[in-house]
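Structural overview
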Amino acid sequence: MKNPNIVIIGAGYGGIMTAVKLQKSLGANDANITLVNKHSYHYQTTWLHENAAGTLHHDRTRIAIKDVVDTSKVNFIQDTVTDIKAADKKVILEDGELAYDYLVIGLGFESATFGIPGLKEHAYTINSINSSRLIRQHIEYNFAKYNNEPEKQQKRLNIVVGGAGFTGIEFVGELANRIPELCKEYDVPRDKVRIINVEAAPTALPGFDPELVEYAMNSLEARGVEFKIGAMIKEVTENKLVFEKDEQREEIDTNTVVWAAGVRGNSLVEEAGFEANRGRIPVRKDLRPEGYDDVFIVGDCALIMNEETERPYPPTAQIAIQEAEHTAKNLARLVKGEDHLEPFKPNIQGTVASLGHNDAIGVVFDDKKLFGWSATAMKKVIDNRYLLKLGGLPLVLKKGKLNFFNF
Ligand SMILES: Cc1cc2nc3c(=O)[nH]c(=O)nc-3n(C[C@H](O)[C@H](O)[C@H](O)COP(=O)(O)OP(=O)(O)OC[C@H]3O[C@@H](n4cnc5c(N)ncnc54)[C@H](O)[C@@H]3O)c2cc1C
């Protein structure tokens, strides 16, 4: 009997961890494993806000796939998936096609702009290494331009961040630390620069403990962040953002709007004909969609329900990694001829949001609240633990966050 073809598409947290776990549990003669990704590197999406603000170089965030994947066991193809033909068990790439016996979809997320006029065209998003690098360059360019025009333009120094959820808050935290450095570098007075965080919900960090929210807002406001809470963005143009708050329409002149308020699963899965809710495919307990016994979904493309709250789990790296480890085990069972698959249950170990490199908030071990240094240290432990799982100690030493006293 021929070895089954396992094709994994996307090398984000879900995809790459599936490949790394499979290469440990299966021998080269058990299955043909292929991993496909757009780039030659995996990136840690949870660090992209630092690359976008310019507080961390993008080379720290990206990891060459060949450094963590054993290419004698996993065939890595750098290409872009353009379609999935599930009825024919094929994945279509820009430069060819692949037949599969088992497919793992880990294509991740994209921004959701909810039809807000001008947002898609004019706002920047923190989605990838390249989109984050663009934000960094764009902000720096505007600082550089400010003192080189006959008439100084305030819109170059007004930075608006849409959304005070997890990503928005982490990004403004980095910006609050980066702006004083940029001011020094480009001879711009600090009091000329505005960081404005606009949030439609009645609170920043909706869903977080109110004490942590208050701590986060105080920390950020003390570093010059302005919040517009309960403010609905209505329109974005090339040099302006319009929002409505308390039934009043307001405008901010700005060249820089960073949209951090909405994500959805990769639209490719809908285009491929899977039943999906904003790019997220509802899956059974074994992470396979109804009607597709040869397809597993991991990461932000999977929609799994929290039975206690009867709501979907929010998409996170934490869940993506656990789904990948679980899927690798189930796939190894199938390859070895077992037909019983284990059900998946996420083990949520907590949530920690950074507020720049020197401050953070979080809840861990069910309900223990963390603030300041202890939360920052915990965030680094979480990040280093992931690197340890992915590439062992050498990867931790190469890419890890080891400076626990960086204040
Ligand atoms: C700034 C920020 C901070 C975050 N912080 C946290 C946090 O602290 N904790 C947490 O748990 N979660 C956090 N998240 C959420 C977390 O990053 C996502 O849930 C996670 O990245 C999802 O992993 P994934 O494997 O599904 O996909 P992704 O990480 O999005 O990776 C998808 C991969 O697929 C590739 N790909 C996409 N399309 C194609 C294609 N057509 N062909 C080939 N390859 C393709 C991409 O290049 C990428 O490598 C954060 C997100 C952001 C943006």
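In this report, the structure presented in the accompanying data block is examined.

Thresholds applied
Residues numbered from 1 in each chain as written. Predicted model: local features only at pLDDT ≥ 70, side-chain atom pairs only at ≥ 80, totals over all residues. Heavy atoms only, no water. Near = heavy atom within 4 Å. Polar contact = N/O pair within 3.5 Å; in protein donor to acceptor, adjacent residues only side chain to side chain. Areas by Shrake-Rupley, 256 points an atom, 1.4 Å probe, with all protein chains shown as cover. Helix = DSSP H or I, 4+ residues; strand = E, 2+ residues; numbered from the N terminus. Nonpolar A, V, L, I, M, F, W, Y, C, P; charged D, E, K, R; others polar. Domains from an automatic or database assignment. Patch = residues over 30% accessible without salt bridge, like charges linked within 9 Å, V, L, I, M, F, W, Y side chains within 5 Å. Salt bridge = Lys/Arg side-chain N within 4 Å of Asp/Glu carboxyl O. Buried < 20%, exposed > 50% of the residue type's maximum accessible area, 1.4 Å probe, protein only. Lys, Arg positive; Asp, Glu negative; His and termini not counted. Charge placed at Lys NZ, Arg CZ, Asp CG, Glu CD. Pairing = 2+ DSSP bridges. Axes fitted to C-alpha atoms, helices over the stretch in contact; angles between N-to-C directions. Expected span 1.5 Å × (residues − 1).

**Overview of the site of the ligand**
Close contacts around the ligand come from 32 residues, with G14, T45, V81, D300 and K379 the closest. Within the backbone of Y13, a nitrogen or oxygen atom sits 3.1 Å from an oxygen atom of the ligand. Contact between the ligand and N266: a nitrogen atom at 3.3 Å from a side-chain N or O atom of the residue. Alone, the ligand offers 1,000 Å² of accessible surface; in the complex the protein occludes 91% of this. For the shell around the ligand, the secondary structure elements donating two or more residues are α1 (13–25), α7 (166–186) and α10 (317–335). Among the residues forming the shell around the ligand, the class breakdown is 11 nonpolar, 16 polar and five charged. Inspection of the shell around the ligand shows a minimum of three residues originating in each of domain 1 (5–111 + 263–348) and domain 2 (119–259).

**Points about a nonpolar patch on the surface**
Residues L388, L393, L397 and L402 make up a contiguous nonpolar surface patch of roughly 400 Å² in combined accessible area. Within the secondary structure layout, L397 lies in helix α11 (residues 372–399).

**Things to note about unusual backbone geometry**
Its identity is not glycine, yet R278 carries a phi of approximately 45 degrees, on the positive side. Note on placement: R278 falls in the loop between α9 (268–271) and β20 (281–282). Look at R278 and you get partly exposed, because its relative accessible area is 40%.

**Considering a negative patch on the surface**
Residues E244, D246, E247 and E250 make up a contiguous surface patch of negative charge. Take E247: it is sitting in the loop between β16 (240–245) and β17 (248–253).

**Some words on the sheet that holds strand β8 (residues 96–99)**
In space, the three strands of this open sheet follow the order β6-β7-β8, with antiparallel pairing throughout. At either margin of the open sheet sits one strand with a lone partner, and together these are β6 (81–85) and β8. Here the average twist between neighbouring strands, direction ignored, is 20 degrees. Judged from the four bridges that link them, β6 and strand β7 (residues 90–93) form a sheet pairing that is antiparallel. From the neighbouring strand, I84 faces β7, where its bridge partner is V91.

**Some details on α1**
The end-to-end C-alpha distance of α1, which contains 13 residues, comes to 18 Å, matching closely the 18 Å that a straight helix rising 1.5 Å per residue would cover. Of all 13 residues that make up α1, 10 are buried, and the element is covered over most of its length. Restricting attention to buried positions, one finds in α1 the residues Y13, G14, G15, I16, M17, T18, A19, V20, L22 and Q23.

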